[in-house]
Structures are given as C-alpha cells and as structure tokens.
Amino acid sequence: MIPIIAVGVGGFIGSVLRYIISLKMNQIFSQTLIPPGTLLVNVFGSLFLGFIMQLSFRANINPNLRLFLTTGIMGGLTTFSTLSYETITLLTNGYYISSLLNIVLNLILGLSAAFFGMVICNVIF
C-alpha cells in the first residue's frame, strides 16, 4: 500500500508543478513557435529522472522514495500526452515546421537531459 501512496502523492505534486510551470512559461513566451511549458517540464523531468535513477544504482535509496520521486513526481511532471496533442494541434493548424521542431526538441533535449542527469550523478557520487 505504501508504494501506491508514494506514487499518488508524488503524482499530485508533479502534476501541480507541471500546471504551474506550463502556465507561467506559456504566459511569458506566448509568441513562440512551440509550446515552451511542455518542453521545459519534459527536459527538466528527464534530467532529474536520469539523475535519480543513476543515483539509485549507486546509493541505497529507499524503493518507496525512488517511486515517489520518479514514477510519482517526474511521472506527473512530464507529459507525453500533452506533447502529442500540442504537436497534432500545430499540424492541423498548418504549422508544419513548428510541429516538427516540437517533436525534435522534446526528443533530443529530453534524451540529452536524461543522459546529462546520469553524468552529473556520476560526477557527484
């Protein structure tokens, strides 16, 4: 039961953070080619997830804490479904370059961030 609570509480926190970050980013950068809020939460979430997962291999992290941080907070923070919807919306509105840029930036920056999160962990620990 504790793992389910850890994931649920973490998911609540991550989802609220995603909402706040996306709202603020989209207000600040309202005239961009791609949705900046989704990109930021996906890249940051990938960086943090890479760090925490690498740390869990190097240190004795409580499994419930790892679930809280990774599946919970980072799972609630990052969003593939919103990325998909926003990309399809860009496509259907004729913003072909923006939709391609949205996919490429989220994928390349997300993968790079996860990798750098792992590297940062290795350097620190």
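Being a predicted model, the structure only gives us computed values, none of them experimental. (Residues numbered from 1 in each chain as written. Predicted model: local features only at pLDDT ≥ 70, side-chain atom pairs only at ≥ 80, totals over all residues. Heavy atoms only, no water.)

A. Looking closely at the UniProt feature "binding site: Na(+)" (unreviewed entry) in the protein chain. Per the UniProt entry, the sites bearing "binding site: Na(+)" (unreviewed entry) are Gly-75 and Thr-78 in this numbering. Lining residues of the largest pocket, restricted to the annotated ones just named, are Thr-78. Gly-75 sits in the partly exposed class, given a relative accessible area of 42%. Within the secondary structure, Thr-78 sits in the loop between helix H3 (63-77) and helix H4 (80-92). Other than its neighbours up to four places away in sequence, Thr-78 contacts Arg-18, Val-41, Asn-42, Gly-45 and Ser-46. (UniProt positions renumbered as here; feature names shortened; annotations may be inferred. 1 Å grid on protein atoms, 1.4 Å probe; cavity = no way out; pocket = protein on both sides within 12 Å on 5 of 7 lines; lining within 4 Å. Buried < 20%, exposed > 50% of the residue type's maximum accessible area, 1.4 Å probe, protein only. Helix = DSSP H or I, 4+ residues; strand = E, 2+ residues; numbered from the N terminus. Contact = heavy atoms within 4.5 Å.)

B. Representation of the packing of aromatic side chains. Going through the model one piece at a time under the given rule, you end up with three aromatic pairs. Taken together, a centroid distance of 5.6 Å and an interplanar angle of 65° make the contact between Phe-115 and Phe-116 edge-to-face. (Phe/Tyr/Trp six-rings, centres within 6.5 Å; stacked < 30°, edge-to-face > 60°.)

C. Structural detail: helix H1 (residues 2-28). If you check H1, its first and last C-alpha atoms are 39 Å apart, about what 27 residues at 1.5 Å a residue would give, namely 39 Å. Listing the buried residues of H1 in full gives Ala-6, Gly-10, Gly-11, Gly-14, Ser-22 and Met-25. Looking at the buried positions of H1, the neighbouring elements they touch are helix H2 (36-58) and H3. (Expected span 1.5 Å × (residues − 1).)

D. Representation of the UniProt feature "transmembrane region" (unreviewed entry) in the protein chain within the structure. Mapped onto the present numbering, the UniProt feature "transmembrane region" (unreviewed entry) falls at residues 34-53, 65-83 and 103-124. Secondary structure content for residues 65-83 is 89% helix and 0% strand, and the end C-alpha separation is 27 Å.

E. Molecular detail of the nonpolar core. Core analysis: the biggest nonpolar cluster contains ten residues, these being Val-41, Phe-51, Ile-52, Leu-55, Ile-61, Leu-69, Ile-73, Met-74, Leu-77 and Cys-121. Those elements that place two or more of their residues in this core are H2 and H3. (Core = buried A, V, L, I, M, F, W, Y, C linked by side-chain atoms within 4.5 Å.)

F. Representation of the environment of Arg-66 within the structure. Within the secondary structure, Arg-66 is located in helix H3. The spacing of Arg-66 and Gly-45 is 21 residues in sequence and 14 Å in space, taken between C-alpha atoms. The residues contacting Arg-66, other than those within four sequence positions of it, are Ile-52, Met-53, Ser-56, Ile-61 and Thr-71.

G. View of a nonpolar patch on the surface. Taken together, the side chains of Met-1, Ile-4, Ile-5, Val-9, Phe-12, Ile-13, Val-16, Leu-17, Tyr-19, Ile-20 and Leu-23 define a hydrophobic patch exposed on the protein surface, amounting to about 1,100 Å² of accessible area. Secondary-structure assignment places Ile-20 in helix H1. (Patch = residues over 30% accessible without salt bridge, like charges linked within 9 Å, V, L, I, M, F, W, Y side chains within 5 Å. Areas by Shrake-Rupley, 256 points an atom, 1.4 Å probe, with all protein chains shown as cover. Salt bridge = Lys/Arg side-chain N within 4 Å of Asp/Glu carboxyl O.)

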